[in-house]
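Report on the structure
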Amino acid sequence: MTRQQERVSGMVSRRNFVAAAGTAGILGMAGCTENTDAGTDGDGGDGGDDGDGGGGGGSDGLSGTVVIKGSSTVFPVSDTFAELFMEEHGEVNVTVDSTGSGGGFKNHFCPGESDLNGASRPIKDSEVEQCGENDVEPVEFRIAGDALTMAVNNDADWVDCVTPEEMSRIWRDGGAEQWSDVRDEWPDEEIVLYGPAETSGTYDWFNENVVGEDVQHTARHQPTEEDDTIVQGIQDNEYAMGYFGYAYYNSNPDLVKALEVDGGDGCTEPSLANAKDGSYPMARPLFMYASEESLQREEVYEFMKFYLNEAETDTVQEIGYVPSSADLRDENLQKLEEVAGE
């Protein structure tokens with residue numbers, strides 16, 4: 001195992017522990033990625049002395065601040081890459097906040113207040129329009145793949161596999177309220193729903209691809225931007241159900257039960273292999289959007305270059321997502337160079 005792999009393994013193990021500890025842990029971690037050795041000016045200035053910096057990276061001539069908002073699904077990837085990057089560049093501060101894909105676009109990225117925005121679905125036309133009104137030009141990079149996971153309580157022994165149509169009946173406005181409303185043999189108990197908030201890209205993707213175009217996502221669920229809160233809610237209620245990115249199940253495989261999905265070819269479990277080969281019905285791409293103007297700053301350009309290279313490594317798989325391919329990496333890097341004028 002290389003030194004970098006050892007560092008990544010330690011980071012992932014720490015996240016598994018935090019996730020198992022529940023909501024308080026993730027709230028304490030989200031948005032707190034910060035290089036304490038970096039300068040506090042955030043303007044690309046000297047930011048410190050010319051020595052080793054007393055910690056990660058030291059001074060290598062690169063300094064400044066990179067601000068990342070967006071998807072809670074993409075957050076673990078960005079958080080890990082931010083830590084690795086700051087270890088190599090002691091005068092750069094990369095901050096990562098989990099705001100939801102839509103919340104990041106609307107409140108931070110399109111107003112020009114962040115450099116990058118993670119997203120678990122493509123940017124919407126309305127968001128492109130909002131960005132344009134603020135002279136922000138978003139540049140799309142596909143960075144990984146996900147197996148969106150539907151989960152239930154470990155004691156829910158009556159269900160192991162569901163169809164998209166059954167999920168739609170449960171999660172649509174005015175849909176099934178009791179388990180027995182879906183299948184007669186299921187319990188006459190209320191389905192307690194936990195899921196993403198409307199600002200989440202996961203919510204948008206699920207609403208469009210599973211709930212259906214002609215119906216709306218139920219408002220009866222308990223919404224949150226913290227996927228660990230969904231896991232905790234399912235764990236605490238025998239009749240609960242919820243959905244989130246695969247990485248959060250990967251961090252909590254013993255706390256909840258992931259359901260297989262039958263899209264017409266039989267029941268298929270959520271897994272990285274099934275997401276990669278397309279056999280899992282709820283496989284989806286993950287994105288990072290960069291501001292074209294921000295990419296003209298050296299620290300943002302170098303971080304994005306680092307990000308795209310790392311997205312093709314086993315680091316992404318250790319977190320719980322499908323890494324990008326070598327071809328996609330090269331395509332992304334070429335796009336980055338063209339946009340940044342390198």
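See the structure above.
Below you will find a few notes about this structure. Not measured: the values here are computed from a predicted model. (Residues numbered from 1 in each chain as written. Predicted model: local features only at pLDDT ≥ 70, side-chain atom pairs only at ≥ 80, totals over all residues. Heavy atoms only, no water.)

**Section: unusual backbone geometry**
- Of note, the phi angle at Asp-135 is positive, near 60°, even though the residue is not glycine.
- In this fold, Asp-135 is placed in the loop between helix 5 (125-133) and strand 4 (138-147).
- According to the relative accessible area criterion, Asp-135 is exposed, its value standing at 68%. (Helix = DSSP H or I, 4+ residues; strand = E, 2+ residues; numbered from the N terminus. Buried < 20%, exposed > 50% of the residue type's maximum accessible area, 1.4 Å probe, protein only.)

**Quick notes on the state of the cysteines**
- In this structure the tally under the stated criterion is two disulfides.
- Cys-110 shares a disulfide with Cys-131; S-S distance 2.1 Å. On the S-S bond that ties Cys-110 to Cys-131, the torsion sits near -65°, and the link is left-handed. On the criterion of sequence distance, the pair formed by Cys-110 in the loop between helix 4 (101-109) and strand 3 (116-119) and Cys-131 in helix 5 is long-range, its members being 21 residues apart. (Disulfide = S-S within 2.5 Å.)

**Points about the pairing of strand 13 (residues 283-291)**
- Of all the nine residues making up strand 13, seven are buried; the element is thus mostly covered by neighbouring parts of the structure.
- Here strand 3 pairs with strand 13 via four bridges, running antiparallel. Looking across to strand 13, one finds that Ala-119 is bridged to Phe-287.
- Sheet analysis places strand 4 next to strand 13, joined by nine bridges and oriented antiparallel. Opposite Ala-144, over in strand 13, you have Leu-286 as the bridge partner. (Pairing = 2+ DSSP bridges.)

**Observations concerning the packing of helix 3 (residues 75-88) against helix 11 (residues 298-310)**
- Between helix 3 and helix 11, the least distance of the axes is 10 Å, while the angle of their chain directions is 120°. In terms of their interaxial angle, helix 3 and helix 11 are classed as oblique. The crossing of helix 3 and helix 11 is right-handed. On helix 11, the residues that touch Val-77, Ser-78, Phe-81, Ala-82, Leu-84, Phe-85 and Glu-88 of helix 3 are Glu-299, Glu-302, Phe-303, Phe-306, Tyr-307 and Glu-310.
- Residue composition of the contact of helix 3 with helix 11, by class: eight nonpolar, one polar and four charged. (Axes fitted to C-alpha atoms, helices over the stretch in contact; angles between N-to-C directions. Parallel < 35°, antiparallel > 145°, perpendicular 65-115°, else oblique. Left-handed = near helix turned anticlockwise from the far one by under 90°. Contact = heavy atoms within 4.5 Å. Nonpolar A, V, L, I, M, F, W, Y, C, P; charged D, E, K, R; others polar.)

**Quick look at the sheet that holds strand 4**
- The strand order 2-1-3-13-4-14 describes an open sheet built from six strands, whose pairing is mixed. Two strands close off the open sheet at either side, each with one partner strand: strand 2 (92-96) and strand 14 (322-323).

**Concerning the packing of aromatic side chains**
- Tallying each qualifying case throughout the model produces 14 aromatic pairs.
- Taking the centre distance of 5.4 Å and the plane angle of 65° together, the rings of Phe-85 and Phe-306 count as edge-to-face. Residue Phe-85 is found in helix 3, and its partner Phe-306 is found in helix 11; the two are separated by 221 residues along the sequence.
- Where Trp-171 meets Phe-206, the ring centres are 5.9 Å apart and the plane angle is 80°; that geometry is what we call edge-to-face. Placement of the pair is Trp-171 in helix 6 (residues 164-171) and Phe-206 in helix 7 (residues 201-211), with a sequence separation of 35 residues.
- Judged by relative accessible area, Phe-206 falls into the buried class, the value being 0%.
- Taken together, the ring pairs connect Phe-81, Phe-85, Phe-303, Phe-306 and Tyr-307 into an aromatic cluster.
- Positioned over the ring face of Phe-141 is Lys-335, at 5.6 Å from the centre of the ring. (Phe/Tyr/Trp six-rings, centres within 6.5 Å; stacked < 30°, edge-to-face > 60°. Lys NZ or Arg CZ within 6 Å of the ring centre and 35° of its normal.)

**Focus: the environment of Trp-158**
- Relative to the helices and strands, Trp-158 is located in the loop between strand 5 (149-152) and strand 6 (161-162).
- Judged by relative accessible area, Trp-158 falls into the buried class, the value being 17%.
- Taking the C-alpha atoms as reference points, Trp-158 and Trp-179, 21 residues apart in sequence, are found 9.7 Å from one another.
- Here Trp-158 is in contact with Trp-179, Trp-186, Pro-187, Glu-238 and Tyr-239, once residues within four sequence places are set aside.

**Observations concerning the pattern of salt bridges**
- On inspection of all chains with the given rule, the structure shows twelve salt bridges.
- The shortest N-O distance in the salt bridge between Asp-97 and Lys-69 comes to 2.7 Å. In this pair, Asp-97 is assigned in the loop between strand 2 and helix 4 and Lys-69 in strand 1 (residues 64-70), connecting sequence segments 28 residues apart.
- Exposure remark for Asp-97: the relative accessible area of 22% places this residue in the partly exposed category.
- With a closest N to O distance of 2.9 Å, Arg-297 and Asp-115 form a salt bridge. Of this pair, Arg-297 sits in the loop between strand 13 and helix 11 while Asp-115 sits in the loop between helix 4 and strand 3, and the two are 182 residues apart along the sequence.
- For Arg-297, a relative accessible area of 32% translates into the label partly exposed.
- Connected through salt bridges with shared partners, the residues Arg-121, Lys-124, Glu-127 and Asp-204 form a single ionic network. (Salt bridge = Lys/Arg side-chain N within 4 Å of Asp/Glu carboxyl O.)

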